[in-house]
Amino acid sequence: MRPGFYARDVCTVARELIGCVVRHGDCSGVIVETEAYHESEPACHAFAGLTARTQTLFGPPGRAYVYRSYGIHALLNAVAEPEGVGAAALIRALEPLDGLELMRERRGISAIDQLCSGPGRLTQALGIGLEHNGSDLETGPVEILPRRTGAPPPQLARSRRIGITKAIDHEWRYSLADSRFVSRPRPLEARS
DNA sequence: CATGGGATTGACT
DNA sequence: GTCAATCCCATGC
């Protein structure tokens, strides 16, 4: 990504990540769904302040924040906003691009639209784990690559975040309109 | 030191 | 539709 991409408002970052590519080793996919989390609202882990768990969130932008959810799944976020501000964009779904067979092996299923359609599913498919917490998304091993310049901007949809119990009214979930790879049915309102 | 709650998923009724 | 799995870590005693 270009310099400074992540050091901005986390909602802008989450929105502009749609269409970018996540790659780990031989596996990659196009981001079709993200959510923004910010220290100012209680749904964000950083709301509790600087703790052992949230160090990465408050650290430099452009790093991976990976944490374990429900004791089972690893969830991948891109740290945003300037260093010292706790915020990140959760990567919720990908459209599989490369390494389909390895993804199928890791996931134990073959249906392409279920390989990466969920935050826990995509980390399993790409082999991303807690060991990647704090790693640099610019240099890898987990990378986020910009979408091609000149390509038409993706048609976006916006809606409320999923699976949380606090600050549920923020419309901070962004997704690619009409994509069959998002984790839940397409939100109602679409805007560019 | 003990406890409780998840930014989820898959299996099952 | 319901529900359990499973573990990190924040919180409270």
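An account of the accompanying structure is given in this report. Given the structure is predicted, the values throughout are model-derived calculations rather than measurements. (Residues numbered from 1 in each chain as written. Chains lettered and ligands numbered in written order. Predicted model: local features only at pLDDT ≥ 70, side-chain atom pairs only at ≥ 80, totals over all residues. Heavy atoms only, no water.)

Structural notes on helix α4 (residues 119-126)
Threshold: The buried label goes to any residue with under 20% of its type's maximum accessible area, the exposed label to any with over 50%, and the partly exposed label to all in between, with areas taken from a 1.4 Å probe on protein chains only. Under the DSSP-based scheme used, a helix requires at least four consecutive residues in state H or I and a strand at least two consecutive residues in state E, with every element numbered from the N terminus. Note on contacts: a residue pair qualifies if any of its non-hydrogen atoms lie within 4.5 Å across the two residues.
The buried fraction of α4 is high, at 6 of 8 residues. Of all the positions in α4, only P119, G120, L122, T123, A125 and L126 are classed as buried. If you follow the buried residues of α4, they end up packed against β1 (21-24), β2 (27-38), β4 (73-79), β5 (87-98) and α3 (100-107).

What to know about the protein's contact with DNA strand B
To be explicit about the condition: Note on definitions. A residue lies near a molecule or strand when any single heavy atom of the residue is within 4 Å of it. In the analysis that follows, any N or O atom pair within 3.5 Å is treated as a polar contact, provided that within protein one partner can donate a hydrogen and the other can accept it, and provided that, for residues neighboring in sequence, both atoms belong to side chains.
Close to DNA strand B lie 20 residues; Y67, N77, R107, G120 and R121 are nearest. Within 4 Å of the protein, the contacting atoms of DNA strand B are drawn from sugar and phosphate to the extent of 52%. The separation between a base nitrogen of DNA strand B and a polar side-chain atom of H45 is 3.2 Å. One nitrogen or oxygen atom from the main chain of G120 is found 2.9 Å from a phosphate oxygen belonging to DNA strand B. Contributions of two or more residues to the surface near DNA strand B are made by β3 (64-69), β4, β5 and α4.

Some thoughts on the state of the cysteines
Short version of the rule: Criterion for a disulfide: a pair of cysteine sulfur atoms at a distance within 2.5 Å.
Evaluated as defined, the whole model comprises 0 disulfides. The thiol sulfur of C27 is not disulfide-bonded, and the nearest other cysteine sulfur, from C116, lies at 8.2 Å. C27 sits in the buried class, given a relative accessible area of 0%. With no disulfide of its own, C44 lies 11 Å from the sulfur of C11, the closest cysteine sulfur.

With respect to the layout of surface pockets
Quick reminder of the rule: Using protein atoms alone on a 1 Å grid, points that fit a 1.4 Å probe yet trap it form a cavity, whereas open point sets bounded by protein on both sides within 12 Å along at least five of seven lines form a pocket; residues with an atom within 4 Å of a point count as lining. Grid points are joined across faces, edges and corners, and a volume is the space filled by probe spheres set on the points. Three residue categories are used. Nonpolar comprises Ala, Val, Leu, Ile, Met, Phe, Trp, Tyr, Cys and Pro, charged comprises Asp, Glu, Lys and Arg, and polar comprises the others, including Gly.
For the largest pocket, the calculated volume is near 800 Å³. Residue lining of the largest pocket: 31 residues in total, with Y67, S69, Y70, L75 and G163 positioned closest to the centre. No other element matches β3, which puts 4 residues into the lining of the largest pocket. Its residues assigned to classes, the lining of the largest pocket shows 14 nonpolar, 10 polar and 7 charged.

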